[in-house]
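# Tertiary structure, described
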Amino acid sequence: MSATARNFDSPVDSPVDSPVDSPVNRAAAASPAVKPQPRGEPIHVPNATLEPLWVRTLLMTVALLFLTLFLVVPLLSVFAEAFKKGWEAYLAAIIEPDAISAIKLTLLTAAVAVPLNLVFGIAASWSIAKFEFRGKNLLLTLIDLPFSVSPVISGLIYVLLFGAQGWFGPWLREHDIKILFAVPGIVLATIFVTFPFVARELIPLMQAQGSEEEEAALVLGASGWKTFRHVTLPNIKWGLLYGVILCNARAMGEFGAVSVVSGHIRGETNTIPLQVEILYNEYNFQAAFAVASLLAFLALLTLALKSFIEWRLRETVLPHNAVHQSGQEQA
């Protein structure tokens with residue numbers, strides 16, 4: 001071999017850069033990139049992303065003051081006024097015939113509206129989360145309609161439909177069917193204002209879980225009903241219960257729509273909120289706050305159940321998403 005010939009066995013003279021001295025490594029060495037954090041060491045958070053202590057203290061103080069003034073104080077005042085004259089006066093206001101009638105009507109309305117909204121919510125969320133079809137966005141818009149329409153307006157809709165001068169008023173009068181100023185009108189108005197709650201809780205939950213498990217069950221020979229009972233329902237049970245609790249709380253506490261269609265007939269078409277209004281307008285404050293305390297108890301119970309179910313949802317959804325992500329990475 002001549003003296004002028006290159007020795008391609010030498011890493012220095014090799015026409016191909018060595019792995020240590022490759023262009024990529026030279027660029028990486030020259031770049032000011034942050035070195036990766038060694039394992040086992042805590043991640044350093046720049047001080048620029050942390051708020052000063054006085055800012056955090058101020059924000060927490062404002063939040064606590066706001067909650068105290070607009071939530072805690074009114075809630076305590078309800079119970080203070082309700083028990084102002086003692087247990088005997090409180091129980092007398094609760095067991096008064098008109099109050100008992102209002103409680104029964106409220107429970108009856110919720111017992112009818114909540115199961116119907118449960119069926120609708122499951123069907124709507126299943127259709128939206130699992131299938132693609134024309135009119136899907138329109139269905140989502142219609143589900144959100146009660147959130148954007150005033151309850152009073154929704155009550156007036158039923159007056160225009162079923163009132164004496166409404167579209168179906170003459171036909172209902174001829175067949176002696178009474179909807180307005182009766183229990184059916186109260187139930188219909190309550191269903192309208194509460195039907196988004198179950199569906200709106202289940203739709204994002206079903207979309208996050210995907211349809212892989214249902215498809216696997218169908219491939220293995222399971223029927224549609226069996227797939228729903230053994231695969232879908234266990235995955236959505238906490239979200240379903242969450243929506244049912246919110247729907248029930250709204251059904252029992254609804255005022256605007258029910259006020260329009262009820263007629264305020266004492267002992268017949270008054271729910272608990274309407275009974276509270278009547279007692280307050282009659283300056284019977286102790287009885288009004290006593291009946292209102294029932295709704296306050298319901299609100300506290302709903303809040304406790306809501307917090308528990310949110311915790312269960314986090315425990316259920318996060319492991320499911322981790323397993324789903326791990327399966328995608330392996331694939």
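Residues numbered from 1 in each chain as written. Predicted model: local features only at pLDDT ≥ 70, side-chain atom pairs only at ≥ 80, totals over all residues. Heavy atoms only, no water.

## Notes on the overall build of the protein
Put simply, the rule is: A run of DSSP states H or I qualifies as a helix once it reaches four residues; a run of E qualifies as a strand once it reaches two. Both are numbered from the N-terminal end. Throughout this description, buried means an accessible area under 20% of the type-specific maximum (1.4 Å probe, protein chains only), exposed means over 50%, and partly exposed covers the range between. For the area figures, the Shrake-Rupley method with a 1.4 Å probe applies, and any residue is considered shielded solely by the protein chains shown.
Helix and strand counts for the protein come out as 15 helices and 0 strands. When burial is assessed residue by residue, the protein has 33% of its 331 residues classed as buried. For the protein, the exposed area adds up to about 21200 Å²; of that, 68% sits on carbon and sulfur atoms.

## What about the packing of aromatic side chains?
Rules: Planes of paired rings set the category: under 30 degrees apart is stacked, over 60 is edge-to-face and the rest tilted, where pairs are Phe, Tyr or Trp rings (Trp by its six-membered ring) whose centres lie within 6.5 Å.
Summed over the entire model, instances satisfying the criterion amount to 17 aromatic pairs. Geometrically, the ring pair formed by Phe192 and Phe195 is edge-to-face, given 6.0 Å between the ring centres and 70° between the ring planes. A residue is classified by how much of its surface remains accessible, and Phe192, at 15% relative accessible area, is buried. Each member of the aromatic cluster is reached from another via a ring pair, and the members are Phe120, Tyr158, Phe162, Phe168, Phe192 and Phe195.

## Notes on unusual backbone geometry
Positive phi outside glycine occurs at His264, with the angle close to 55°. The residue His264 is located in the loop between α13 (256–262) and α14 (272–281) in this model. A positive phi angle, near 65°, is found at Tyr283, a position not held by glycine. Relative to the helices and strands, Tyr283 is located in the loop between α14 and α15 (285–330). Taking the relative accessible area as the measure of exposure, Tyr283 reaches 67% and is therefore exposed.

## With respect to helix α10 (residues 196–209)
Stated precisely, the cut-off is as follows: Expected helix span is given by 1.5 Å per residue-to-residue step, counting one fewer step than there are residues.
Compared with an ideal rise of 1.5 Å per residue, which puts 14 residues at 20 Å, α10 spans 20 Å between its outermost C-alpha atoms and is within 8% of the ideal. When α10 is considered as a whole, its buried residues turn out to be Pro196, Phe197, Val198, Ala199, Leu202, Ile203, Leu205, Met206 and Gln209. Among the residues trailing α10, Gly210 stands out with phi positive, at a value near 75°.

## Quick word on the nonpolar core
Rules: Buried residues of nine kinds, namely Ala, Val, Leu, Ile, Met, Phe, Trp, Tyr and Cys, make up a nonpolar core once their side-chain atoms join them within 4.5 Å. Any two residues whose heavy atoms approach within 4.5 Å at even a single point are treated as in contact.
Core analysis: the largest hydrophobic core is formed by 17 residues, its most contacted members being Leu202 and Ile309. At the level of elements, α4 (97–130), α10, α12 (224–253) and α15 are the ones that each hand at least two residues to this core. Here this core gets 8 residues from one element, more than from any other, and that element is α12. Beyond its immediate stretch of four places on either side in the chain, Leu202 contacts Gly121, Ile122, Ser125, Ile236, Gly239 and Leu240. Ile94, Ala288, Val291 and Ala296 belong to the second largest nonpolar core, which has 16 residues in total.

## Concerning the environment of Ile191
You can see Ile191 is positioned in helix α9 (residues 183–194). Taking the C-alpha atoms as reference, Ile191 lies 7.8 Å from Ala251; in sequence the two are 60 residues apart.

## A closer look at the pattern of salt bridges
Pairs can form between side chains of opposite charge whenever their charged atoms are close. Rules: Salt bridge, as used here, is a side-chain nitrogen of Lys or Arg placed within 4 Å of a carboxyl oxygen of Asp or Glu.
Applying the stated criterion across every chain, the model contains 6 salt bridges. Where Arg266 meets Asp98, a salt bridge forms, and the shortest distance between an N and an O atom there is 3.4 Å. Pair noted here: Arg266 is in the loop between α13 and α14 and Asp98 is in helix α4, with a separation of 168 residues, a long-range link. Look at Arg266 and you get partly exposed, because its relative accessible area is 35%. Residue Glu132 is joined to Lys136 by a salt bridge in which the shortest nitrogen-to-oxygen separation is 3.1 Å. Relative accessible area serves as the criterion here: at 70%, Glu132 is assigned to the exposed category. Salt bridges sharing partners connect three or more residues here, namely Asp98, Arg266 and Glu282.

## Here's the deal with the environment of Pro204
Here Pro204 is to be found in helix α10. The spatial distance from the C-alpha of Pro204 to the C-alpha of Ser125 is 8.5 Å, given a sequence separation of 79 residues.

## Regarding α9
Here α9 spans 17 Å end to end across 12 residues, near enough to the 16 Å set by a 1.5 Å rise per residue. Where burial is concerned, most of α9 is hidden: 9 out of the 12 residues are buried. Along α9, the residues that are buried comprise Gly185, Ile186, Val187, Ala189, Thr190, Ile191, Phe192, Val193 and Thr194. Of the surrounding secondary structure, the elements contacted by the buried residues of α9 are α4, α6 (145–148), α7 (151–162), α10, α12 and α13.

## Thoughts on the confidence of the model for the protein
This is how it is decided: Every residue is assigned a pLDDT by the predictor, reflecting its confidence on a scale from 0 to 100.
Mean pLDDT over the protein: 82, with 80% of residues reaching 70 or higher. Overall, residues 1–34 carries pLDDT values under 50, and its contacts beyond four positions in sequence, including any with other chains, amount to 12 contacts.

## Re the side chain of Glu214
Put simply, the rule reads: Polar contacts, as used here, are pairs of N or O atoms within 3.5 Å; protein pairs need one atom able to donate a hydrogen and one able to accept it. Residues neighboring in sequence count only if both atoms are side-chain atoms.
Along the chain, Glu214 turns up in helix α11 (residues 212–219). A polar contact is formed between the side chain of Glu214 and the side chain of Thr232, at a distance of 2.8 Å. Setting aside chain neighbours within four positions, we find Glu214 in contact with Trp126, Lys130, Thr227, Val231 and Thr232.

## Focus on a nonpolar patch on the surface
Keep this limit in mind: Put simply, a patch holds well-exposed residues, over 30% relative accessible area, that have no salt bridge, with like charges counted together within 9 Å and Val, Leu, Ile, Met, Phe, Trp or Tyr side chains within 5 Å.
On the surface, Phe66, Leu67, Leu69, Phe70, Leu71, Val72 and Leu76 cluster together into a nonpolar patch covering about 740 Å² of accessible area. By the secondary structure assignment, Val72 is in helix α2 (residues 53–82).

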